[in-house]
Amino acid sequence: MQTNQSNKIPEIRQTIVCNAPIERVWEAVATSEGIAAWFMPNDFKPIKGYEFQLNAGPFGMSPCKVMELDPPKRLSFTWGKDWTVTFELTTLEDGTTEFTLIHSGWDPDTVTEFGETHVVVRDRMANGWVGLLKALRTHVEA
C-alpha cells in the first residue's frame with residue numbers, strides 16, 4: 001500500500017440501472033450522436049486510440065482519446081489533461097442494463113486547464129454526473 005494514497009481524491013463512481021437492453025445503452029455512450037444526446041456535443045468515434053473533442057460549453061473544447069473499447073461492456077477515454085472517464089455496462093438477469101461511470105485522475109495538487117484545483121472541481125463534477133446519468137437513463141428508456 002502506497003503511503004501517499006491518503007492524499008488522493010477518490011474517483012467519482014456512480015451506478016444506475018436503465019430499463020433498456022445493453023445494446024441501446026451502448027449506442028448512447030459509444031457513438032457521437034448518442035453521447036451528444038445526454039452529455040456533450042463531440043466528434044467521438046468508437047476506435048481505440050482515436051482522438052476527439054468534447055464541447056464543454058463555457059470551458060471550450062476538451063481534448064479526449066479513446067483508451068479502451070470493449071463493446072458493449074466497456075469504454076474508457078482520457079478527458080483533458082488529467083482525467084479518465086470509464087463507462088461499464090452489464091446486462092442484469094431481468095434484461096435491464098447496469099451502467100457505471102468512473103471518473104478518475106483526481107489529484108489534490110493539480111490545477112485544471114481553467115485554473116481551479118481538483119479539490120474544488122471534483123464535487124461539482126460529481127454533482128453534474130448525477131444529472132447527466134439521469135439524462136442518459138431518460139434517453140435510453142424513451
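Please read all numbers here as calculations on a predicted model, not as lab measurements.

K.L.:
Explanation requested: the UniProt feature "domain: Activator of Hsp90 ATPase homologue 1/2-like C-terminal" (unreviewed entry) in the chain in the structure shown.
P.N.:
According to UniProt, the "domain: Activator of Hsp90 ATPase homologue 1/2-like C-terminal" (unreviewed entry) feature falls on residues 19-140. In residues 19-140, helix accounts for 31% and strand for 31%; the two terminal C-alpha atoms are 8 Å from one another.

K.L.:
Quick question: what am I supposed to make of the packing of aromatic side chains here?
P.N.:
The relative placement of two aromatic rings is captured by the distance of their centres and the angle of their planes. Within this structure, the stated rule accounts for 12 aromatic pairs. Residues Phe 59 and Phe 114 carry aromatic rings whose centres are separated by 4.5 Å and whose planes lie at 40° to one another, so their mutual orientation is tilted. With Phe 59 in the loop between strand E2 (51-55) and strand E3 (61-70) and Phe 114 in the loop between strand E6 (97-104) and helix H3 (118-141), this pair connects stretches of sequence that are 55 residues apart. For Phe 59, a relative accessible area of 48% corresponds to the partly exposed category. Taking the relative accessible area as the measure of exposure, Phe 114 reaches 34% and is therefore partly exposed.

K.L.:
Can you help me understand the pattern of salt bridges in this one?
P.N.:
Any two side chains of opposite charge can pair, on the condition that their charged atoms come close. As enumerated under the stated definition, the model contains 7 salt bridges in all. Among the ionic pairs, Lys 8 bridges to Asp 107, the shortest N-O distance being 3.6 Å. Of this pair, Lys 8 sits in the segment before strand E1 (12-18) while Asp 107 sits in the loop between E6 and H3, and the two are 99 residues apart along the sequence. As a salt-bridge pair, Arg 124 and Glu 116 come within 3.0 Å of each other at their nearest N and O atoms. Here Arg 124 falls in the partly exposed class, since its relative accessible area comes to 40%. Residues participating in the shared-partner salt-bridge network are Glu 68, Arg 74 and Glu 88.

K.L.:
Is there a simple way to explain the sheet that holds strand E5 (residues 83-91) in this structure?
P.N.:
Picture the strands of a sheet paired through backbone hydrogen bonds; they go either parallel or antiparallel. Strand order in the open sheet made by the 6 strands is E1-E6-E5-E4-E3-E2, with antiparallel pairing throughout. Pairing within the sheet leaves two strands with one partner each, and these edge strands are E1 and E2. Each neighbouring strand pair of the sheet contributes to a mean axis angle of 25°, computed without reference to strand direction. Contacting E1, E3, strand E4 (74-79), E5 and E6, helix H1 (residues 22-29) runs over the sheet at an angle of about 165° to E5. Sitting on the sheet, H3 touches E1, E4, E5 and E6, and the angle it makes with E1 is about 10°.

K.L.:
Teacher, can you tell me more about H1 here?
P.N.:
A turn of α-helix holds 3.6 residues, and therefore any two residues three or four places apart point the same way. Among all positions of H1, only Ile 22, Val 25, Trp 26, Ala 28 and Val 29 are buried. Viewed end-on, H1 has its buried residues packed into an arc of 160°, placing them on one side of the element. In H1, the exposed residues that point more than 90 degrees away from the buried face are Glu 23 and Glu 27.

K.L.:
How do you make sense of H3 when you look at a structure like this?
P.N.:
Compared with the 34 Å implied by 1.5 Å per residue over 24 residues, the 33 Å span of H3 between its first and last C-alpha is a close match. Those residues of H3 lying buried are His 118, Val 121, Arg 122, Met 125, Ala 126, Trp 129, Leu 133, Leu 136 and Val 140. The secondary structure elements touched by the buried residues of H3 are E1, H1, helix H2 (32-38), E4, E5 and E6.

Rules of the game
- Residues numbered from 1 in each chain as written.
- Predicted model: local features only at pLDDT ≥ 70, side-chain atom pairs only at ≥ 80, totals over all residues.
- Heavy atoms only, no water.
- UniProt positions renumbered as here; feature names shortened; annotations may be inferred.
- Helix = DSSP H or I, 4+ residues; strand = E, 2+ residues; numbered from the N terminus.
- Phe/Tyr/Trp six-rings, centres within 6.5 Å; stacked < 30°, edge-to-face > 60°.
- Buried < 20%, exposed > 50% of the residue type's maximum accessible area, 1.4 Å probe, protein only.
- Salt bridge = Lys/Arg side-chain N within 4 Å of Asp/Glu carboxyl O.
- Pairing = 2+ DSSP bridges.
- Axes fitted to C-alpha atoms, helices over the stretch in contact; angles between N-to-C directions.
- Contact = heavy atoms within 4.5 Å.
- Arc of directions from axis to C-beta.
- Expected span 1.5 Å × (residues − 1).

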